[in-house]
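Analysis of the macromolecular model
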Amino acid sequence: MPRTQWGSRLGFILASAGATVGLGSIWKFPYVTAMNGGGAFLLVYLAFTFTLGLALLQAELALGRAAGCGAVGAFSKLGSPRWKLLGYGGVLCCFLVFSFYSVVGGWTLGYLLRALDGRVMSDDVNALGALFGQYVGDPAEALLTHALFAGLTLLVVAGGVQKGIERVGKLLMPLLFLLMLALIVRALTLPGAMAGVEALFRPDFARLAPGMLVEALGLACFSLSVGAGCMLAYGSYLGPGTRLGNSALWVTGLTALTSVLAGLMIFPAIYAFGLNPQAGPGLTYMVMPVVFNHLPYGQLFATAFFALLLMAALTSAVSLLEVVAILPIDEFGISRRKAALAVTALAFLAGVPAALSFGPLADYKLFGRNAFELMDYAASNVLLPLGCIGTALFAGRVAWPAVRDELRLSAPAAMLMRVACRWLAPLMIGLVLAYNL
């Protein structure tokens, strides 16, 4: 049976950009940038994104199209059966991330409902912190929103490549950018907003340090969703007529643009009201409502903001579920709907401890971390860097002829690409892994 393909190049680019644009782009990029030198960190992040990050993204897309299957089958087909272990590692990483990411996506859904009924409209940061703690500590509501978000993701993936993933990407990604632009325009008109713009873009090179370089590279790889097989799976649905290098550059550019827009959306508003730009997740759930409470039509802006977060979470969750669901579809011939349903049910159950980590299971910790933190650490700090290293080595050393042919590179570009995959990416991401352990 012929493999399903994307309906159009635009649909693939928007769906892939949706996979790389998640909650991290909205809250993680701004506060990590603030903690690491502002403009200096931004320049380093962009440099890594458009060099090593872009090379790894191209490699994954090329491997996927050359093999015409998901990660497990691709590493076996283009290499040998022993390389399947790398594919299984990527599937496990995506399964873990989807399990706790669905919990966070559920929080966003819950806060969208709270924006609609006005409960988040307050200028008391302590009260908002208590509201957040009460919500995530309530087992019934945390589990319900976890289930609802997982169900939304299931509906998209079960719909298939063209009717599900591509259609949602075409709808949500333009809407996501429109909402961000509307919030940016409003933020830039606030008194004192330019201080936030300066904090975001003015480079402080005195802050450059090895740890900052490591964080910039890690964020670049994480934001492009490389190392876990997401882009490999999406590449497997590409027809031979699509120019991979050009498409990868578009996806990389849209991902970087979204991060910068997130900074422009949040920094001016935070500085205008004298709030803490380094509050991490609090920018989303505990600080941003203070900003909206001071704006005309603030509840409308709050609703739009949390709707934006829900869109970003959903488009990323779709790519994570697709990587796991594609395994039983490719390897065992199970129908898409049955595979997606089974995987979602298992991921929901695996995410239950994460959903309860801030309530009934808050005091149960291993190595000083609760279940949510353990799952995040294992996926983001161990499995994802290992996947990046393995994929780079596989592309540069084992399956290089297939990668080179799919990318149709000139001789100089091919040499640079192979050096990046064989040496630079494994070495530098290995430093990220060692730093994070």
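Preceding this paragraph is the structure being described.
Now for a quick tour of the structure. (Residues numbered from 1 in each chain as written. Predicted model: local features only at pLDDT ≥ 70, side-chain atom pairs only at ≥ 80, totals over all residues. Heavy atoms only, no water.)

With that out of the way, let us pick up the nonpolar core. Core analysis: the largest hydrophobic core is formed by 155 residues, its most contacted members being W107, M265 and F305. Among the elements that take part in this core, helix α14 (residues 298-332) stands out by supplying 21 residues, more than any other. Beyond its immediate sequence surroundings of up to four residues, M265 is in contact with I26, M180, L183, I184, A187, F305 and L308. (Core = buried A, V, L, I, M, F, W, Y, C linked by side-chain atoms within 4.5 Å. Buried < 20%, exposed > 50% of the residue type's maximum accessible area, 1.4 Å probe, protein only. Helix = DSSP H or I, 4+ residues; strand = E, 2+ residues; numbered from the N terminus. Contact = heavy atoms within 4.5 Å.)

Counted by the stated rule, this structure contains seven salt bridges. For E331, the salt bridge is made with K84, and the minimal N-O distance between the two is 3.8 Å. Taken as a pair, E331 in helix α14 and K84 in helix α5 (residues 84-117) lie far apart in primary sequence, 247 residues in all. Take K84: its relative accessible area is 25%, and that puts it in the partly exposed class. For R202, the salt bridge is made with E198, and the minimal N-O distance between the two is 2.8 Å. (Salt bridge = Lys/Arg side-chain N within 4 Å of Asp/Glu carboxyl O.)

Let's shift gears to the packing of helix α16 (residues 371-398) against helix α17 (residues 400-407). Where α16 contacts α17, the axes come no closer than 5 Å and their chain directions differ by 90°. Between α16 and α17, the interaxial angle falls into the category roughly perpendicular. Taken together, the residues of α17 that come into contact with α16 (itself represented by F394, A395, G396 and V398) are W400, P401 and V403. (Axes fitted to C-alpha atoms, helices over the stretch in contact; angles between N-to-C directions. Parallel < 35°, antiparallel > 145°, perpendicular 65-115°, else oblique.)

This part covers a nonpolar patch on the surface. A surface patch of nonpolar side chains, amounting to about 530 Å² of accessible area, comprises M415, L416, V419, W423 and L424. On the basis of relative accessible area, W423 is assigned to the exposed category, the value being 52%. (Patch = residues over 30% accessible without salt bridge, like charges linked within 9 Å, V, L, I, M, F, W, Y side chains within 5 Å. Areas by Shrake-Rupley, 256 points an atom, 1.4 Å probe, with all protein chains shown as cover.)

The tally for this structure, following the rule as stated, stands at 14 aromatic pairs. Where W107 meets F132, the ring centres are 5.6 Å apart and the plane angle is 85°; that geometry is what we call edge-to-face. Of this pair, W107 sits in helix α5 while F132 is found in helix α6 (residues 125-137), placing the two residues 25 residues apart along the sequence. For F132, a relative accessible area of 14% corresponds to the buried category. For the pair W107 and F372, a centre-to-centre distance of 5.8 Å together with 15° between the ring planes defines the contact as stacked. Within this pair, whereas W107 is found in helix α5, its partner F372 is found in helix α16, the two being separated by 265 residues in sequence. (Phe/Tyr/Trp six-rings, centres within 6.5 Å; stacked < 30°, edge-to-face > 60°.)

This part takes up the side chain of T344. Here T344 shows up in helix α15 (residues 336-355). Relative accessible area serves as the criterion here: at 6%, T344 is assigned to the buried category. Setting aside residues no more than four positions away along its own chain, T344 makes contact with A150, L154 and L321.

In terms of burial, helix α4 (residues 71-78) is largely enclosed, as six of its eight residues are buried. Those residues of α4 that sit buried are A71, V72, G73, A74, F75 and S76. Looking at the packing, one finds that the buried side of α4 touches α3 (39-67), α5, α11 (230-235), α14 and α16.

Attention now moves to the side chain of T49. On the secondary structure map, T49 appears in helix α3. For T49, a relative accessible area of 0% gives the class buried. With residues near it in sequence (within four places) discarded, T49 still touches L54, A220, L224 and T252.

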